[in-house]
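Close look at the chain arrangement
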Amino acid sequence: MRAAGGGKNGGGATLLSIGIDDTDSAEGMCTTYLGFMLAAELLEKGEAGFASYPRLVRLNPNVPWRTRGNGAVGLRVLTDDPGAVKERAIGLVRRCSDVKNGANPAVAFCEGEVPAELAAFGRAALWRLLPRARALEAAERHGLETFRMGNGRGLVGAVSAIGYEFGDSTLEILAYRERGRFGTARAVSPESVRLMHERTRPRTFNSYDEEKRRALVSPRGPDPVLYGIRGEDPAVLLAASRSVDAGEPLAGYMMFQSNQGTGDHLAHELGERDAVPHASGTVTGTVSGPPRVGPGGHAYFEVAAAGAPAGSRPPVRCAAYKESGLAGCAAAMRGGDAVRAGGGIRRAAAGHPRVLNAEFLEILDLARPTREANPACGRCAKRMKSKGAGQGFKCIKCGSRAGSKVAEAVPRRLRRGLYLPPASAQRHLARPLQRQGVTNAVGFDGSVAWIGRFEVDSGE
Ligand code: ATP
């Protein structure tokens, strides 16, 4: 397809959901690119139409074996020949996955309406660590066809990509490189990204870090992505992408509906039983005592969960690492502050205990600690001097006297509110400041050219 395809592009009688994951390694490939190749081929061969935008579902960012951003890809197509579509998907995964460098790909297919249990599975995969066996059980129970290579771990993501139901959602337009350029330096113009960001925000987000004056749209690795722009609206994204000076010809582009920027991985309040290593979520409660600032400028504090009777549950240890930009906020906390901390639970290792690695901090209420101080003179407003033990206090200016010390509020430099890392340090799923309180509904109505392929890559 030279020109971009838009809308639903025809279709067929059977709704077929396809989930794909773990096709890539740090050495190369990208599951979104495989999804792009599959979508383009299905449209070009007239084998299917689309029932929704291709789906980029980010899963628990704290799973230990993710390659980068733990993204799984889903397609929902309408077809008269599900067999041909499945064959094409499996063929591509077989040909293009980077198995020799450690990818463990899987594809799953679900015909007809997606069962509610798979939606629940997708929700759980966003914050928990799920065993492969559970994905296989769910797939078998609901009659999903699957194809797996390597150790088959990709099935967790493949089933999740089928099941996950978006609430609030965003879009990302991903532009792909020509195959001959994979692994070479990218030359996307940062100035064109800055201008695009200025013109399109807040309908786009996290494209440009204004503080560090750095474009954030391009990955660094050898994968096929040239750049990705995130936002709320397909037409704005398409125009935004066209305005970027890519520095090289594109092989194509595709728009994905995604849970990026929703913060949905942290929607779960972690109870005692599920605050286990690699889980993501929040703890809400009271800071137990003064925070500690350790070597490297990282800050550590403990939160006693709200609602738990005192002493019934050990407080949750939290860490705000320097790189997150949250260490300053954490270091300024005081015992008694009411806070909500969101992040992933890092397992204990030699030299450090289990901690919640903070991805955001919210100060809900500030404790008002007091300290004893010499009284101030009512007339001169100057602090009085002690006359010696048990002798009271005297103003050296006017001679006024007072009997005892007074309780004085300790000034706080912390304010109530939400504290987030800078855009460059935010995870894909993190809800940026400009998206706080936003719920975006993405409609798939055929009005925007959501896919374009300009170079045919068979993956051979
Ligand atoms: P990229 O973002 O570049 O596509 P990636 O970071 O998605 O790469 P993968 O290579 O897909 O990394 O590896 C993630 C692996 O973790 C997949 O096998 C996926 O099935 C699995 N996985 C995803 N979520 C969970 C989860 N909640 N519990 C257990 N395994 C998971």
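Before reading on, note that the structure itself is shown above.
The sections below set out a description of the structure shown in this document. (Residues numbered from 1 in each chain as written. Predicted model: local features only at pLDDT ≥ 70, side-chain atom pairs only at ≥ 80, totals over all residues. Heavy atoms only, no water.)

So, on to the overall build of the protein. In terms of helices and strands, the protein carries eight helices and 25 strands. Dimensions along the principal axes, computed over C-alpha positions, put the protein at roughly 95 × 50 × 40 Å. In the protein, which comprises 460 residues, the share counted as buried stands at 52%. Approximately 20,200 Å² of the protein is accessible, and the part contributed by carbon and sulfur atoms is 49%. Each charge class in the protein can be summarised by its mean position, and for the 63 positive and 47 negative side chains these summaries are 13 Å apart. (Helix = DSSP H or I, 4+ residues; strand = E, 2+ residues; numbered from the N terminus. Buried < 20%, exposed > 50% of the residue type's maximum accessible area, 1.4 Å probe, protein only. Areas by Shrake-Rupley, 256 points an atom, 1.4 Å probe, with all protein chains shown as cover. Lys, Arg positive; Asp, Glu negative; His and termini not counted. Charge placed at Lys NZ, Arg CZ, Asp CG, Glu CD.)

A sheet is described by the order of its strands in space; here three strands give the open sequence 20-21-22, paired in antiparallel fashion. The open sheet has two edge strands, strand 20 (385–386) and strand 22 (401–402), and neither has a second partner. In terms of strand pairing, strand 20 meets strand 21 (residues 393–394) through two bridges, oriented antiparallel. When the bridges of strand 21 are listed, Ser386 appears paired with Phe393. (Pairing = 2+ DSSP bridges.)

Counted by the stated rule, this structure contains ten aromatic pairs. Summarising the aromatic geometry, the rings of Tyr164 and Phe166 are spaced 5.6 Å apart at their centres and angled 75 degrees between planes, so their arrangement reads as edge-to-face. Since its relative accessible area comes to 17%, Phe166 is described here as buried. Taken together, the ring pairs in this structure connect Tyr33, Phe36, Tyr176 and Phe182 into an aromatic cluster. (Phe/Tyr/Trp six-rings, centres within 6.5 Å; stacked < 30°, edge-to-face > 60°.)

This part covers the site of the ligand. The local shell around the ligand holds 22 residues, among which Asp22, Thr67, Arg68, Asn70 and Arg128 are the closest. Here Ala125 contributes a backbone N or O atom positioned 3.0 Å from a nitrogen atom of the ligand. With respect to the ligand, the backbone of Leu130 contributes an N or O atom lying 2.8 Å from a nitrogen atom. Coverage of the ligand by the protein amounts to 97% of the 640 Å² it exposes when considered alone. The residue inventory of the shell around the ligand, partitioned by class, reads seven nonpolar, seven polar and eight charged. (Near = heavy atom within 4 Å. Polar contact = N/O pair within 3.5 Å; in protein donor to acceptor, adjacent residues only side chain to side chain. Nonpolar A, V, L, I, M, F, W, Y, C, P; charged D, E, K, R; others polar.)

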